[in-house]
Amino acid sequence: MSLKLDFRDRCAVLTLDRPQALNALSFGLIREIGAALDAVAASDARALIITGAGDKAFCVGADIKELQDRPLIEQKRSAELGQAVFARLDRLPVASIALINGYAFGGGLELALACSFRLATPNAAMGLPEIKLGLIPGYGGTQRLPRLIGESRALELILTGRTVKAEEALHIGLVNRILEAPALDAVIGFAQEFGGYGLLAQRFAREAVQRAATTTLENGLRIEADLSTLAYRTADAEEGMRAFIEKRKPQFRDA
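Residues numbered from 1 in each chain as written. Predicted model: local features only at pLDDT ≥ 70, side-chain atom pairs only at ≥ 80, totals over all residues. Heavy atoms only, no water.

Trainee: Can you explain the sheet that holds strand β7 (residues 117-120)? Please cite residues and give values.
Mentor: The mixed open sheet is built from 6 strands, whose spatial order is β1-β2-β3-β5-β7-β10. Among the strands making up the open sheet, the edge pair consists of β1 (3-8) and β10 (177-178). Looking at chain direction, β1 and strand β2 (residues 11-16) are connected through 6 bridges and run antiparallel. Residue pairing in the sheet places D6 in a bridge with V13 of β2. (Pairing = 2+ DSSP bridges. Helix = DSSP H or I, 4+ residues; strand = E, 2+ residues; numbered from the N terminus.)

Put into structure tokens, the structure is as follows:
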């Protein structure tokens, strides 16, 4: 196995475990990630944290040796595999957090982009260098990066293939926070900032924000109204409003 799945403080911790290869994404590892996401969805975890083994890399991207001398149909299927597995992060019942602990290049950054949040250690460095190989990102980078940091900045990073350090990544909105050691403790603390709230409300909020990127403001407001109305119909909403009036902490039950 090239992947470890552990549970700590109501968080699932998924560790890419190929430190000798700087946690490069083999096709086998991508399939393992997909299976692990199913296990997380079936668990009682309140958040998913994804990180890389060792202190050098989160993930340096695709295993280039696997990409050479393959028929075009296999190349396309490989891109579709990576896209499909990474898209499952959007459909998880809990939010996901990428702990970028070192290098995050190519498919590694694309994996982080598919997460709900990205938190980086001070030594983090990230980029989409596919252009230097005569290629372009294939696991969602051309779609998620502009939605996150804007078209102009995204196109610059994709066409130059340049590396972005942690401070710049924070400045342009590529990461949410820069962490100090011990990084995993800090990420778990971040997850606990929202992990105690009801999962249904979190899911409705995430869906509304995600759909905003692919529709007009007018349609987005309709989506928000529909999802807000659904939220009002949950037992958690009744409990939350009752607790507010009674000046006590709500006891959410994800119902």
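Trainee: Explain the side chain of E32 to me, using residue names and the numbers behind them.
Mentor: By secondary structure assignment, the location of E32 is in helix α1 (residues 27-41). The buried charged residue E32 lacks any salt bridge partner; its closest oppositely charged side chain belongs to R18, at an N-O distance of 8.0 Å. Discounting chain neighbours no more than four positions away, the residues touching E32 are M1, S2 and L3. (Buried < 20%, exposed > 50% of the residue type's maximum accessible area, 1.4 Å probe, protein only. Lys, Arg positive; Asp, Glu negative; His and termini not counted. Salt bridge = Lys/Arg side-chain N within 4 Å of Asp/Glu carboxyl O. Contact = heavy atoms within 4.5 Å.)

Trainee: If you had to explain the packing of helix α5 (residues 141-149) against helix α6 (residues 151-160) to someone new, which residues and values would you point to?
Mentor: Their axes nearest at 7 Å, the elements α5 and α6 cross at an angle of 135°. As summarised for this structure, α5 and α6 are arranged oblique, according to the angle between their axes. For α5 against α6, the interelement crossing comes out right-handed. Here G141, T142, L145, P146 and I149 of α5 come into contact with α6, specifically with E151, R153, A154, L157 and I158. Of the residues in the contact of α5 with α6, the class split is 6 nonpolar, 2 polar and 2 charged. (Axes fitted to C-alpha atoms, helices over the stretch in contact; angles between N-to-C directions. Parallel < 35°, antiparallel > 145°, perpendicular 65-115°, else oblique. Left-handed = near helix turned anticlockwise from the far one by under 90°. Nonpolar A, V, L, I, M, F, W, Y, C, P; charged D, E, K, R; others polar.)

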